[in-house]
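Results of the structural survey
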Amino acid sequence: MRVKNTIQNEQQLKETLDELYAMSKEGKSFTGLLELITNEQTIVSAVHKLKANSGSKTPGMDGKTIEHYLQMKYEQLIGLVRYHFRNYKPRPVLRKYIEKDNGGLRPLGIPTMMDRIIQECIRLVLEPICEAQFYPYSYGFRPYRAQEHAIARIVDLQNMDRKWTIEGDIKGYFDNVDHGILLHKIRKMGIIDKRVIAIINKMLKSGFYENGVVVATPKGTPQGGVLSPLLANIYLNDFDWTVARMWQDPKIGDKFANEGNARRYLKRTKGNSPTFLTRFADDWVIQCAEEDDCKRLLSYLNKYFRHKLKLELSEEKTVITNAGEEPIKFLGFNIALQKRSGPAGKDKPKQIVAKNYPQTKKLLKQWNECKRLIDSAFMQPNEDKMALKIEELNMKIVGIAEYWKCGTSKKMLTKLDHLINYRFYIKGRKKWKNRVLEHFIPIHQLTNRPGRHHLDTKGKPLVRITKTWAVKVDDQWIGVTKASITPIVYAKKFGAKLTPYTPEGRKLREKVGKKPPNSRAPLYNAFQLYAARFEKDDKHNFEFIMNREYAFNQTWRASKGYCCQACGEKLIKGKWSCHHKEPNLPLEEVNKVKNLTFLCTICHELIEYGIREGTILNTRHKNKITKLIALRNK
């Protein structure tokens, strides 16, 4: 099937990706993918996705960040990306190391920003094709999926007495992926555009740069690349389905009326028994009913990984566990069968249930990170800078609590709060001496993070009397948040129909409170003509043309449609203007979405030339115009 390339706006791009997903479900193969990958709308979407990522400020070996490309003219950047696709020569990735939980170092490969843009363009188009064929119970680096869904599945299976478990660990997975096998698996997915395959092959063999030397990469995919997570899932997809065909999802075909009949046949002829795989990236768990089933399956999988994937399972870390005696260790959680708390009843007949809770050593590592931030806060020269460090600490605390909240973690989070509280007291006693308790105040007095400190889970006002440490800046208390006030929301199983590539999947996503962003509104049919008007104006660059469409989306009102942000009247095409609130900001800040707003022509003229004598405006309208005039003149 040749992919169509007549896309004029983001909505049409989304519809095309939906179509790719549907056709891939039917087993179709695809040509003409490169034209869609290099389409203008694909490139704009890729740049916007990268811009929103904090890693966009991290340069590769050429020293360039996303800002370098955002400040280019629109046509210049589109042309540059297309040129690189036609003459693709990827730069080696910059090798960096991060600390692993066991004290070792994990290598990361940071591509140049142009290579990241190219990889993101490819990912955008290939992902729906692959998503349609991926194993339903693989959760790592996939849209709408998270670690909590993997945890929920394991807990659910444990409650069904699948207590015998293989905890799998692939030795050096990302460094040992075989390029030939990977490219074959990509083609097997139906991606048969040879130009795209050739580009991916060049990426894989680009090497890495370390200590002034470029090292070749005959195998492996760099951790840190935009495309690497998708490639990693493609490589292990056959493994997923090999295990699934043993029991979970047997082939039915014309031979069997349903899955039950197929499973009975497998049990009678091959001795198969209930076997359930859950995978998150290269971490996986297989749950069985009996120990012998685990031993037999592990023996087979050792051979499978060695001969089919040219990988090795770690003998030390790949273990068989009885969850009734020892917890499963997965994604930082311990998952174990424990006695149910409270009396049994009609709704709670089982006395032994599965529970997941944080691993102590993982939480201890996170506490050490918090401790370093606390020490850094007390090294600041004044309370203004100390407040900034406190907010940095708060980001860490909230991140920790959000990760662990899907398990039985309230006691652990409370313990973390106690450790932070005591560390602040020890440091504060040295800094503030006899005034130390003046900085220990009730949470409801804090000014920072009002949604977290002043409201309950339903958004209603709540007075929290728990005390915390704070500093005063301009008569406002900026304080440390508490991990334990994050509500526990136990892990929930993932809905198999949740996907960004079907209308039904997106609606289900909205039901759980995750509304997808609106498509960029097609404001002009010819971006080139618009950009040409501002050829000598650096302010009207690629970032402006991209972000004004997102700013335009913010003017939407359900009752009227797109409305002027000053007078509230409906915007009419040809009679609106995209206005810079603070036009004198530096170039790297002036075109951010928060600095752009859409106004009708009349309101824009009032801001540009002032409110003329005799002009009649209501109070609300006048206040908005006056505020925008003040911002413009800053």
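Residues numbered from 1 in each chain as written. Predicted model: local features only at pLDDT ≥ 70, side-chain atom pairs only at ≥ 80, totals over all residues. Heavy atoms only, no water.

1. Looking at the overall build of the chain
The helix and strand tally for the chain stands at 23 helices and 18 strands. Taken over the C-alpha trace, the chain has a radius of gyration of 28 Å; the compact-globule value for 634 residues is 26 Å, and the two agree within 12%. For the C-alpha atoms alone, the extent of the chain along its principal axes is close to 90 × 70 × 60 Å. Accessible area for the chain stands at about 32,400 Å²; split by element, carbon and sulfur atoms hold 52% of it. (Helix = DSSP H or I, 4+ residues; strand = E, 2+ residues; numbered from the N terminus. Rg over C-alpha atoms; globule rule 2.2 N^0.38 Å. Areas by Shrake-Rupley, 256 points an atom, 1.4 Å probe, with all protein chains shown as cover.)

2. Some details on the confidence of the model for the chain
Confidence in the prediction for the chain averages 90 pLDDT; 94% of positions are at 70 or higher. Per-element averaging of pLDDT across the chain places helix H19 (residues 527-533) at the bottom with 43 and helix H9 (residues 179-188) at the top with 98. In the predicted structure, residues 524-535 sits below a pLDDT of 50 and forms 18 contacts with residues beyond four places in sequence or in another chain. (pLDDT = per-residue confidence, 0-100. Contact = heavy atoms within 4.5 Å.)

3. So, the sheet that holds strand S6 (residues 275-280)
The four strands lie next to each other as S6-S7-S3-S8, forming an open sheet whose pairing is antiparallel. Of all the strands in the sheet, just S6 and strand S8 (319-322) have a single pairing partner and so form its edges. Taking the axes of each pair of neighbouring strands and ignoring which way they run, one obtains an average angle of 20° across the sheet. Note that S6 and strand S7 (residues 283-288) share six bridges and pair antiparallel. Its bridge partner lying in S7, Phe280 is registered against Asp283. Where helix H7 (residues 147-158) meets the sheet, its contacts fall on S6 and S7, and the angle it forms with S6 comes to roughly 160°. Together, S6 and S7 form the strand contacts of helix H11 (residues 228-244), whose direction differs from that of S6 by roughly 165°. (Pairing = 2+ DSSP bridges. Axes fitted to C-alpha atoms, helices over the stretch in contact; angles between N-to-C directions.)

4. A look at the pattern of salt bridges
Where side chains of opposite charge bring their charged atoms close, a pairing between them can arise. Considering all chains together, one arrives at 31 salt bridges under this definition. One salt bridge connects Lys188 with Asp238, and the closest N-O pair in it is separated by 3.1 Å. With a gap of 50 residues between them, Lys188 in helix H9 and Asp238 in helix H11 connect regions that are remote in the sequence. A relative accessible area of 53% places Lys188 in the exposed class. Overlapping salt bridges, with partners in common, bring together Arg2, Glu35, Asp193 and Arg195 in one network. (Salt bridge = Lys/Arg side-chain N within 4 Å of Asp/Glu carboxyl O. Buried < 20%, exposed > 50% of the residue type's maximum accessible area, 1.4 Å probe, protein only.)

5. Thoughts on the sheet that holds strand S9 (residues 328-330)
One open sheet holds the three strands; their spatial order is S9-S10-S11, and the pairing between them is antiparallel. With one partner strand each, in any of the chains shown, S9 and strand S11 (352-358) form the two edges of the open sheet. Geometrically, the sheet is characterised by an average inter-axis angle of 30° between neighbouring strands, direction not taken into account. Two strands pair when backbone bridges link them, and S9 and strand S10 (residues 333-339) are joined in this way by three bridges, in the antiparallel orientation. Counted as the bridge partner of Ile328 is Ile335 from S10. Sheet strands in contact with H7 are S9, S10 and S11, and its direction is about 30° off that of S10.

6. Here's the deal with the packing of aromatic side chains
To describe a pair of aromatic rings, you give the distance between the ring centres and the angle between the ring planes. Enumeration over the complete set of coordinates arrives at 27 aromatic pairs. The interplanar angle of 80° and the centroid separation of 5.6 Å between the aromatic rings of Tyr135 and Trp241 together place this pair among those described as edge-to-face. Here Trp241 lies in helix H11 and Tyr135 lies in the loop between helix H6 (113-131) and H7, a separation of 106 residues in the sequence. Geometrically, the ring pair formed by Phe256 and Tyr265 is tilted, given 5.3 Å between the ring centres and 50° between the ring planes. Judged by its relative accessible area of 17%, Phe256 falls in the buried class. The exposure class assigned to Tyr265 is partly exposed, which follows from its relative accessible area of 27%. These aromatic residues form a ring-pair network of at least three members: Phe239, Trp284, Tyr300, Tyr304 and Phe305. Cation over ring: Arg95 sits above Phe208, and NZ or CZ is 3.6 Å from the ring centre. (Phe/Tyr/Trp six-rings, centres within 6.5 Å; stacked < 30°, edge-to-face > 60°. Lys NZ or Arg CZ within 6 Å of the ring centre and 35° of its normal.)

7. What to know about the packing of H6 against helix H10 (residues 194-204)
Two elements in contact, H6 and H10, have axes separated by 12 Å at closest approach and are oriented at 135°. For the element pair H6 / H10, the angle class is oblique. Considering the relative orientation of H6 and H10, their crossing is left-handed. Here H6 contributes Ile118, Gln119, Ile122 and Leu126 to the contact with H10, which in turn contributes Val196, Ile199, Ile200 and Met203. (Parallel < 35°, antiparallel > 145°, perpendicular 65-115°, else oblique. Left-handed = near helix turned anticlockwise from the far one by under 90°.)

8. Topic: the environment of Pro503
When you line up the elements, Pro503 lands in helix H18 (residues 503-511). Note on Pro503: relative accessible area 53%, which makes it exposed. In the structure, Pro503 is positioned 354 residues away from His149 in sequence and 21 Å away in space, judged by C-alpha atoms.

9. Observations concerning the nonpolar core
Counting 109 residues, the largest nonpolar core has Leu33, Trp284 and Phe305 as the members making the most contacts within it. By residue number, the principal contributor to this core is H6, which donates 11 residues. Counting 47 residues, the second largest nonpolar core, distinct from the first, contains Leu373, Ala377, Ala401 and Val436. (Core = buried A, V, L, I, M, F, W, Y, C linked by side-chain atoms within 4.5 Å.)

10. As for the side chain of Arg162
As for its position among the elements, Arg162 is in the loop between H7 and strand S3 (164-169). Look past the residues within four positions of Arg162 in its chain and what remains in contact with it is Leu157, Pro274, Phe276, Gln287, Cys288 and Ala289.

11. Concerning unusual backbone geometry
Located in the positive-phi region is Ala281, a residue other than glycine, with phi close to 60°. Here Ala281 lies in the loop between S6 and S7. A relative accessible area of 10% means that Ala281 is categorised as buried. In this structure, Arg449 takes a positive phi of about 50° despite not being glycine. The residue Arg449 is located in the loop between strand S12 (440-442) and helix H17 (450-453) in this model. Since its relative accessible area comes to 25%, Arg449 is described here as partly exposed.

12. A short note on helix H5 (residues 74-86)
With 13 residues, H5 should reach 18 Å at 1.5 Å per residue; the first-to-last C-alpha distance of 19 Å fits that figure. Within H5, the full set of buried residues consists of Tyr74, Leu77, Ile78, Val81 and Phe85. Taken end-on, H5 shows its buried residues confined to a sector of 100°, consistent with a single buried face. (Expected span 1.5 Å × (residues − 1). Arc of directions from axis to C-beta.)

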